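Coordinate analysis (summary)
Spelled out, the chains give:
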Amino acid sequence: MPREEYQVPTGAGAASGARGATHDTHASAAGGGRSAMTYLCGDCGGSVTLSKDALVACPHCAGRVLYKERTKRMVQFEAR
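None of these values were measured; they are calculated from a predicted model.

The subject of this paragraph is the pairing of strand β2 (residues 47-51). Residues Val-48 and Leu-50 of β2 are buried on one face, while the alternating residues Ser-47, Thr-49 and Ser-51, pointing to the opposite face, are not. For strand β1 (residues 36-41) and β2, the ladder comprises five bridges, and the chain directions are antiparallel. In the strand pairing of β2, Ala-36 is matched with Ser-51. Remark: five residues form the turn of the hairpin made by β1 and β2, two consecutive strands paired antiparallel; Gly-45 in that turn has positive phi of roughly 80°.

Quick look at the confidence of the model for the chain now. Do not read the predicted coordinates in detail wherever pLDDT is low. A residue-level look at the chain finds 64% of positions with pLDDT of 70 or above and a mean pLDDT of 75. Per-element confidence in the chain ranges from a low mean pLDDT of 46 for helix α2 (residues 25-29) to a high of 93 for strand β3 (residues 66-68). In this model residues 14-18 is a low-confidence stretch, pLDDT under 50, and it forms zero contacts with partners more than four residues away in sequence or in other chains. Below a pLDDT of 50 lies the segment residues 20-30, which in the model reaches one contact outside its immediate sequence neighbourhood of four places, other chains included.

Reading the values: rules and limits
Residues numbered from 1 in each chain as written. Predicted model: local features only at pLDDT ≥ 70, side-chain atom pairs only at ≥ 80, totals over all residues. Heavy atoms only, no water. Buried < 20%, exposed > 50% of the residue type's maximum accessible area, 1.4 Å probe, protein only. Helix = DSSP H or I, 4+ residues; strand = E, 2+ residues; numbered from the N terminus. Pairing = 2+ DSSP bridges. pLDDT = per-residue confidence, 0-100. Contact = heavy atoms within 4.5 Å.

Next up, the structure:
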């Protein structure tokens, strides 16, 4: 991910909820009451969107090995 696409988080998100909250505030504000995650199929490489109670299987090839996509946030570690 290029550095120009990264946006520094602001303090406004801390005021909207508790720290460490696991719910997605953007999805609930947009009207999508159910949060959905996007996965990659291990067999065909297709993109699969699953909700919380969905069957874990690729709709394209019926593969049952799904990988979670990488985060789009910039991750930096401090080496000592």
